[in-house]
Amino acid sequence: MTYSYTQISQYLTCPRRYRHRYLDGWQEKDTRAAMLFGRAFERALAAYFLREDPAAALFREWSACQNLGLQYSNGDTWDRMLQQGIMLLDRFCQDDRIRIRQPRRNLQIKFARPIGGGNEFVAYVDAIGKIDGTGCLLEWKTTSSRYAEEPDGLLALDPQLVCYSWITGISEVAMVVFVRKRLVEVQYLRTTITDQRRREFGQLVEDTIRRIESAEFLPHSGIRFPQNPCSSCPYVGICLGQQQLVNATLVRKPGAEHLDWLDELAY
Ligand code: SF4
């Protein structure tokens, strides 16, 4: 089996959700505007580092999504998101804080690590480069609200960065957050992941895989009003037995468990 960060994090969110997604093959429909915009924006960033025109790349990639029946949230529209994307690219170019040498090799890099029992763990890291002159692993994020920066050190607990630090062995990590809001903002968040956090993540991976292989898929939704994760879970229609909710959010692709690592390319 090939495992990925997305797969482990789905299990840790709710084991039943993992079962719906990876064993039964239910997937969220790929029409969320924010997610597709994030992909288009990442391609624009790649164009920037390859010394191509990033705004043209964004327009091309985002135009390809325009007629997909996109589902917008927070009052977004296709035009507004494009405009915000171009402003974010401008800001990023002006800041000029990130350097990536040999971008064809150092963008979207695949890492694989054997994890015992014939399994392996695969991750696609957005980039390896420098931020303000310091070498580090880089992750891009597009979002409609700022990432929390306090309390100090919070970023070192980010499970995706810890995971990528674990698989690459790189302790210096950074997240570049492109915030789509009325006045766009780019956040440059950097932290160091300790050996202990990496070791603990390795243990978490082993423990999670043991539970998956033992077929432990009891739901634990963490229900506690008003923070009920089920209310935003795409699989709530299956758990409630409501077919119209299932039809609205999911498509079924049996056999998906063998292709789960491809999710890494989607975020
Ligand atoms: S709706 Fe709740 S119980 Fe069902 S998969 Fe989602 S989080 Fe788990």
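What you are looking at is a predicted structure, and each value in this text was computed from that prediction instead of being measured.

Caption draft 1: Spatial organisation of the packing of helix 4 (residues 54-63) against helix 5 (residues 78-95). Contact pair helix 4 / helix 5: the axes reach a minimum separation of 10 Å and the direction vectors enclose 155 degrees. Looking at the two axes, helix 4 sits roughly antiparallel to helix 5. Both helix 4 and helix 5 take part in a crossing whose hand is right-handed. Residues P54, A55, L58, F59, W62 and S63 of helix 4 form the contact with helix 5, whose own contacting residues are W78, M81, L82, G85, I86 and L89. Partitioned by chemical class, the residues of the contact of helix 4 with helix 5 number ten nonpolar, two polar and no charged.

Caption draft 2: How the structure looks around the packing of aromatic side chains. A complete count under the given rule lists 18 aromatic pairs for this structure. Arranged with centres 6.3 Å apart and planes meeting at 70 degrees, the rings of Y11 and F217 form a pair that is edge-to-face. Of this pair, Y11 sits in helix 1 (residues 5-13) while F217 sits in the loop between helix 8 (195-213) and helix 9 (236-240), and the two are 206 residues apart along the sequence. Comparing Y11 with F217, the two get one shared label, buried. Arranged with centres 5.8 Å apart and planes meeting at 5 degrees, the rings of Y18 and F217 form a pair that is stacked. Of this pair, Y18 sits in helix 2 (residues 15-23) while F217 sits in the loop between helix 8 and helix 9, and the two are 199 residues apart along the sequence. A relative accessible area of 1% places Y18 in the buried class. In textbook terms, an aromatic cluster arises when at least three aromatic residues are bridged by ring pairs, as seen for F37, F41, Y48, F49, F59, W62, W78, F92, W140 and F178.

Caption draft 3: The site of the ligand, seen in detail. The immediate surroundings of the ligand are formed by nine residues, with C14, R17, C230, C233 and C239 found nearest. If you list the elements that add at least two residues to the shell around the ligand, you get helix 2 and helix 9.

Caption draft 4: Summary view of the pattern of salt bridges. Considering all chains together, one arrives at 17 salt bridges under this definition. Measuring nitrogen to oxygen at the nearest pair gives 3.3 Å for the salt bridge that ties R43 to E61. Here E61 lies in helix 4 and R43 lies in helix 3 (residues 33-49), a separation of 18 residues in the sequence. Given a relative accessible area of 45%, R43 falls into the partly exposed group. Residue R211 pairs with E216 through a salt bridge whose shortest N-O separation is 3.8 Å. With relative accessibility at 35%, the residue E216 sits in the partly exposed group. Through salt bridges with shared partners, one network takes in R146, E149, K181 and E185.

Caption draft 5: Expanded view of the pairing of strand 7 (residues 172-179). In terms of residue burial, strand 7 counts as a mostly covered element, since seven of its eight residues are buried. The parallel pair strand 6 (residues 134-143) and strand 7, bridged by helix 7 (residues 159-168), forms a crossover whose chirality is right-handed. Direction of pairing for strand 7 relative to strand 8 (residues 185-192): antiparallel, over a ladder of eight bridges. Paired with V177 across the strands is Q187, a residue of strand 8. The antiparallel pairing of strand 7 with strand 8 creates a hairpin that spans five residues between the two strands.

Caption draft 6: Inspection of the packing of helix 3 against helix 5 at higher detail. The N-to-C vectors of helix 3 and helix 5 enclose an angle of 35 degrees; their axes lie 11 Å apart at closest approach. Crossing angle aside, the handedness with which helix 3 passes helix 5 is right-handed. When helix 3 is examined against helix 5, the residues A33, A34, F37, F41, A44, L45, Y48 and F49 are found in contact with a partner set consisting of M81, L82, G85, L88, L89, F92 and C93. Taken together, the residues of the contact of helix 3 with helix 5 break down into 14 nonpolar, one polar and no charged.

Caption draft 7: Layout of the state of the cysteines. Taken as a whole and judged by the stated rule, the model has zero disulfides. The cysteine C136 is free of any disulfide, with C163 supplying the nearest cysteine sulfur at 17 Å.

Caption draft 8: Molecular detail of helix 4. Buried within helix 4 are the following residues: P54, A57, L58, E61 and W62. End-on view of helix 4: buried residues confined to an arc of 120 degrees, all on one side of the axis. On its buried side, helix 4 packs onto helix 3 and helix 5. One side-chain oxygen at the N-terminal end of helix 4 lies 3.0 Å from the backbone nitrogen of A55; it belongs to D53.

Caption draft 9: Quick look at the nonpolar core. With 35 residues, the main nonpolar core has W62, F92, I98, L138, W140, V176 and F178 as its most contacted residues. Only helix 3, helix 4, helix 5, strand 5 (120-131), strand 6, strand 7 and strand 8 provide two or more residues apiece to this core. Top contributing element to this core by residue count: helix 3, with ten residues. Aside from chain neighbours lying at most four places away, what touches L138 is I98, I100, V125, D126, A127, I128, G129, K130, A174 and V176. Core analysis: the second largest hydrophobic core is formed by 31 residues, Y11, A123, M175 and V205 among them.

The rules behind each value
Residues numbered from 1 in each chain as written. Predicted model: local features only at pLDDT ≥ 70, side-chain atom pairs only at ≥ 80, totals over all residues. Heavy atoms only, no water. Axes fitted to C-alpha atoms, helices over the stretch in contact; angles between N-to-C directions. Helix = DSSP H or I, 4+ residues; strand = E, 2+ residues; numbered from the N terminus. Parallel < 35°, antiparallel > 145°, perpendicular 65-115°, else oblique. Left-handed = near helix turned anticlockwise from the far one by under 90°. Contact = heavy atoms within 4.5 Å. Nonpolar A, V, L, I, M, F, W, Y, C, P; charged D, E, K, R; others polar. Phe/Tyr/Trp six-rings, centres within 6.5 Å; stacked < 30°, edge-to-face > 60°. Buried < 20%, exposed > 50% of the residue type's maximum accessible area, 1.4 Å probe, protein only. Near = heavy atom within 4 Å. Salt bridge = Lys/Arg side-chain N within 4 Å of Asp/Glu carboxyl O. Right-handed = clockwise from strand over helix to strand, strands pointing away. Pairing = 2+ DSSP bridges. Disulfide = S-S within 2.5 Å. Arc of directions from axis to C-beta. Polar contact = N/O pair within 3.5 Å; in protein donor to acceptor, adjacent residues only side chain to side chain. Core = buried A, V, L, I, M, F, W, Y, C linked by side-chain atoms within 4.5 Å.

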